[in-house]
Amino acid sequence: MTDRPDDAPESKRAKLIASKQAWARDGRLLTGAPGDPVRDRLPPGQRLVKDWPVLDLGALPQRDLEKWRLRIDGAVENRIIWDWPAFQSQPQSRIRTDIHCVTGWSRYDNGWEGVSAAHILDLVKPHAEARHCIFYSRDGYTTNVRLDRFADDEVMLAHSWEGKPLSQPHGGPVRVVMPKWYLWKSAKWLRRIEFSVDDKPGYWETRGYHNEGDPWKEERYSD
Ligand SMILES: Nc1nc2c(c(=O)[nH]1)N[C@H]1C(S)=C(S)[C@@H](COP(=O)(O)O)O[C@H]1N2
Ligand SMILES: [Mo]
């Protein structure tokens, strides 16, 4: 898969999606030898990059902080709708993590700043039956994670990367960061989080990609 083409024509976008689905069919990059996150830093089948590639469906949503809203709802006690000032006024967290893309690149030491998943869970109080989080993005993308994975202490909604506002191509103003999972779980241009009793596989999960996506277990593709 190539970098995101600016104003991707429909044919180019279709090609990119088709090639990524072919990767899943062919089991590209699978080594068959799971890694050990204690011993290694680079998960199996990955290569280290220094730059930060842009990967998405090629539709770059407008960045408009006036109109920006984040809705958090579903199986929760307290629903939230934040506008930009409300989001900014939440307690801030910082983490430094590696990121791993299923197309084979990993990038070490990304400094993120934003609002932690732990803080969000404190505020919304998911119902006892809630098991899943579904992320909805402004470009129509969706992805699903288990609630216990969302609750991991490294998970956050990031608005900054390396001390600067997250750039629009990388998901600004706000994206999810789920560093323990392949990067497709880290939804860019986040607009809604739904807590759910039922799982709702997202864009890539319904196109041949694994429902969980642990890079150490090479959970790239569904069987
Ligand atoms: N909204 C949205 N989020 C998305 C995607 C997308 O197409 N739309 N692509 C996913 C995929 S497949 C990857 S690998 C990462 C890439 O993030 P980056 O462009 O910042 O490297 O974003 C993920 N989040
Ligand atoms: Mo990806």
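A quick note: this is a predicted structure, and the numbers were derived from the prediction, not measured.

Student: Sorry, what's going on with the overall build of the chain here?
Tutor: For the chain, the count of helices and strands is 4 helices and 11 strands. Seen through its principal axes, the chain has C-alpha atoms that stretch 45 × 40 × 35 Å. Within the chain, buried positions represent 53% of all 223 residues. For the chain, the proportion of contacts with a sequence separation of at least 24, taken over those separated by at least 6, is 71%. Carbon and sulfur atoms form 48% of the exposed surface of the chain, whose accessible area is close to 10700 Å².

Student: Mind showing me how you'd approach the nonpolar core here?
Tutor: Most often, soluble globular proteins keep nonpolar side chains buried together rather than apart. One finds I72, F135, F150, L157, I193 and F195 to be the most contacted residues of the largest nonpolar core, which totals 30 residues. Mapped by element, the contributors of at least two residues to this core are β2 (69-74), β3 (80-83), α2 (84-88), α3 (117-124), β6 (132-137), α4 (147-150) and β11 (190-196). Per-element tally for this core: the top contributor is α3, with 4 residues. Counting residues in each nonpolar core, the second largest holds 14 residues, with I99, C101, L166 and V177 among its members.

Student: What am I meant to see in the sheet that holds β6 here?
Tutor: The strands that make up a sheet pair up through hydrogen bonds in the backbone, lying either parallel or antiparallel. Reading across from one edge, β3-β2-β11-β6-β7 is the order of the 5 strands in this open sheet, with mixed pairing throughout. Among the strands making up the open sheet, the edge pair consists of β3 and β7 (142-146). With strand direction ignored, the average angle separating the axes of adjacent strands in the sheet is 15 degrees. Examined bridge by bridge, β2 and β11 share 4 bridges and lie parallel to one another. Opposite R71, over in β11, you have R192 as the bridge partner. Each of β2, β3 and β11 is contacted by α3, which is oriented at about 130 degrees to β3, the strand it contacts most.

Student: Explanation requested: the site of ligand 1 in the structure shown.
Tutor: Around ligand 1 sit 21 residues in total, of which P53, D139, H170, R175 and K188 are the nearest. One of the backbone nitrogen or oxygen atoms of P53 is found 2.7 Å away from an oxygen atom of ligand 1. Within the contact set of ligand 1, a nitrogen atom lies 3.1 Å away from a backbone nitrogen or oxygen of S186. Looking at the shell around ligand 1, its residues break down into 13 nonpolar, 3 polar and 5 charged.

Student: I would appreciate a short explanation of the packing of aromatic side chains in the present structure.
Tutor: Two descriptors summarise a pair of aromatic rings, namely the distance from one centre to the other and the angle between the planes of the rings. In this structure the tally under the stated criterion is 14 aromatic pairs. Between W204 and Y209 the ring centres are 5.4 Å apart and the planes differ by 65 degrees, which places this aromatic pair in the edge-to-face class. Grouping residues by exposure puts W204 and Y209 together as buried. One aromatic cluster is present, built from ring pairs that chain together Y141, Y182, W184, Y203, W204, Y209 and Y221. The ring of Y203 has R207 lying over it, and the distance from NZ or CZ to the ring centre is 3.7 Å.

Student: Please explain α3 as it appears in this structure.
Tutor: Helical periodicity: at 3.6 residues per turn, an α-helix aligns residues three or four positions apart in one direction. For α3, the set of buried residues is A117, H119, I120, L121 and V124. Where α3 is buried, its residues touch β2, β3, β5 (105-116), α4, β8 (156-161) and β11. Once α3 ends, the next one or two residues include K125, with phi positive near 50 degrees.

Student: Would you take a moment to explain the environment of H159 for this structure?
Tutor: The topology assignment puts H159 in strand β8. H159 gets classed as buried once you look at its relative accessible area, which sits at 9%. Sequence separation between H159 and T143 is 16 residues, and the spatial gap between their C-alpha atoms is 19 Å. For H159, the contacting residues outside a window of four places in its chain are W84, F87, Q88, Q92, E113, G114, K164, P165, L166, P173 and V174.

About the thresholds
- Residues numbered from 1 in each chain as written.
- Chains lettered and ligands numbered in written order.
- Predicted model: local features only at pLDDT ≥ 70, side-chain atom pairs only at ≥ 80, totals over all residues.
- Heavy atoms only, no water.
- Helix = DSSP H or I, 4+ residues; strand = E, 2+ residues; numbered from the N terminus.
- Buried < 20%, exposed > 50% of the residue type's maximum accessible area, 1.4 Å probe, protein only.
- Contact = heavy atoms within 4.5 Å.
- Areas by Shrake-Rupley, 256 points an atom, 1.4 Å probe, with all protein chains shown as cover.
- Core = buried A, V, L, I, M, F, W, Y, C linked by side-chain atoms within 4.5 Å.
- Pairing = 2+ DSSP bridges.
- Axes fitted to C-alpha atoms, helices over the stretch in contact; angles between N-to-C directions.
- Near = heavy atom within 4 Å.
- Polar contact = N/O pair within 3.5 Å; in protein donor to acceptor, adjacent residues only side chain to side chain.
- Nonpolar A, V, L, I, M, F, W, Y, C, P; charged D, E, K, R; others polar.
- Phe/Tyr/Trp six-rings, centres within 6.5 Å; stacked < 30°, edge-to-face > 60°.
- Lys NZ or Arg CZ within 6 Å of the ring centre and 35° of its normal.

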